[in-house]
Amino acid sequence: MMKRRKKVTTIATILLAGILLASTVWMASAHFTMVFPSDSEDTVWDVTPEDYIAELGDTKTVYMMWGHPYEHISFDMASVPEVSVMKPDGTVEQLTTTQITVDGMDEEGNPGTFVAYKASFTVDQMGDSIVFVKYEDEDQKLTDYVKMVIHCGVEAWEGWDAEIGQKAEIVPFTRPYGLEEGFVFTGTTLYDGNALPDADVEVEMYHTLDLGKEVVETAETMFPYDPPMMFTRVTKTNAAGEFAYTLDEPGIWFVGAYGPEIGGLTQRSVFIIPVLDAFPPKEEAEAAAPAGLEELKSRVKSLEDKVAALKTSAGKGAPGFGAIAAIAGLLIVVYLVKRRKR
Ligand SMILES: [Cu+2]
């Protein structure tokens, strides 16, 4: 009786573990409408923060994909997105979309091609042009209202905080460019022009395919009890609809605030933020610091060599370790004093 019970329990445990594992591996992080101002159709996935910068007269093409940015999982776009751009002076231009296909990976990890869209516009004003997109997905029961800023011109910090008038909208308090890893992004969420209190806000970073696979594997190894908690971070809006979140890595970030459900579709506002590497560059700072220490080490070494040489030539009555230590100690003091003066 006991034996059989044990066996049944074991089988049940294995089954349960299997189910848990399967659901862990394919458990979805958040779907997002990815709007990337990449260089070309072939390099849509190689988007960098610099792609969000334009020169006057540039033609910018934005590529729209549907999927999980963190894991680099793609889905077909199920409807045609509506795309417009608000220029720095407030004029709005509706853009024409063209259907394209992009290479990607499906949710089972298989390569495939996916329906996506693109649209182009000319950057004809200095300042910030806000590209805004509405996309409906019946499958995921979501309507996305996405915003993303193309910045043009030195100190032309004009337009990034504009309220477009989308049904669901994020209006940033933090200028969404010139941000470094570790900076905090803050904003307010609106629905129908009113503050959206107590709303879930999901925060997720985009990865290229290889990086996505690698980081998902690492998360599954390190946090087997809940890997997606590392993919999709969650915060909430306060009573005034405001939120804040630290974007701790360089790359392209997605922030999505969940509004009410209308006709079965949750109305979500999304803001896409490019984040730069730490500035000044880390390598330079790190390389500069130990230079003094290296110099000190080599000086002590040459002194030690000299003392050793003396020792062998004298044969007896050598200065010994006490003297070496005293000289080294003196050098360290000199170094520290010099350093302090800097
Ligand atoms: Cu999803």
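Residues numbered from 1 in each chain as written. Predicted model: local features only at pLDDT ≥ 70, side-chain atom pairs only at ≥ 80, totals over all residues. Heavy atoms only, no water.

### As for the nonpolar core
Looking at soluble globular proteins, one finds that nonpolar side chains tend to be buried together. By size, the foremost hydrophobic cluster in this structure holds 44 residues, and its most contacted members are V35, F36, M64, M65, V131, F254 and I272. In terms of residue count, the dominant contributor to this core is strand β8 (residues 111-122) (6 residues). Not counting residues within four places of it along the chain, the set of residues in contact with V35 comprises Y52, V62, Y63, M64, V131, V133, V146, M148 and I272. Grouped together as the second largest cluster of nonpolar side chains are 22 residues, I130, W160, W253 and V255 included. (Core = buried A, V, L, I, M, F, W, Y, C linked by side-chain atoms within 4.5 Å. Buried < 20%, exposed > 50% of the residue type's maximum accessible area, 1.4 Å probe, protein only. Helix = DSSP H or I, 4+ residues; strand = E, 2+ residues; numbered from the N terminus. Contact = heavy atoms within 4.5 Å.)

### With respect to the pattern of salt bridges
Evaluation of the coordinates by the stated rule reveals 9 salt bridges. Here K134 ties to E136 by a salt bridge, and the two come within 4.0 Å at their closest N and O atoms. In this structure, the salt-bridge partner of E169 is K147, at a minimum N-O distance of 2.7 Å. A residue pair is termed long-range when its members are at least 10 positions apart, and E169 in strand β11 (residues 168-172) and K147 in strand β10 (residues 142-152) qualify at 22 residues. In this structure, E169 and K147 share a single accessibility class: buried. Through salt bridges with shared partners, a single network forms among K87, E93 and D124. (Salt bridge = Lys/Arg side-chain N within 4 Å of Asp/Glu carboxyl O.)

### Things to note about the side chain of T61
Examined against the element boundaries, T61 turns out to sit in strand β3 (residues 59-68). Those residues in contact with T61, other than ones at most four positions away along the chain, are F36, P37, S38, K118, A119 and S120.

### Some remarks on the environment of G256
Along the chain, the position of G256 falls in strand β17 (residues 251-262). Expressed as a C-alpha distance, the spacing of G256 and R268, which sit 12 residues apart in the sequence, is 6.4 Å. Not counting residues up to four positions away in its chain, the partners in contact with G256 are F32, D200, V201, E202, R268, S269 and V270.

### Regarding the side chain of T189
Tracing the backbone through its elements, the reader meets T189 in strand β12 (residues 183-191). A relative accessible area of 0% means that T189 is categorised as buried.

### As for the confidence of the model for the protein
The predicted coordinates ought not to be read in detail in places where the model reports low pLDDT. Residue-level pLDDT values for the protein average 86, and 76% of them are 70 or greater. Segment residues 1-27 is flagged for pLDDT under 50; beyond a separation of four residues in sequence, or across chains, it makes 9 contacts in the model. Below pLDDT 50 for its whole length, residues 314-320 participates in 2 contacts with residues either more than four positions away or in separate chains. (pLDDT = per-residue confidence, 0-100.)

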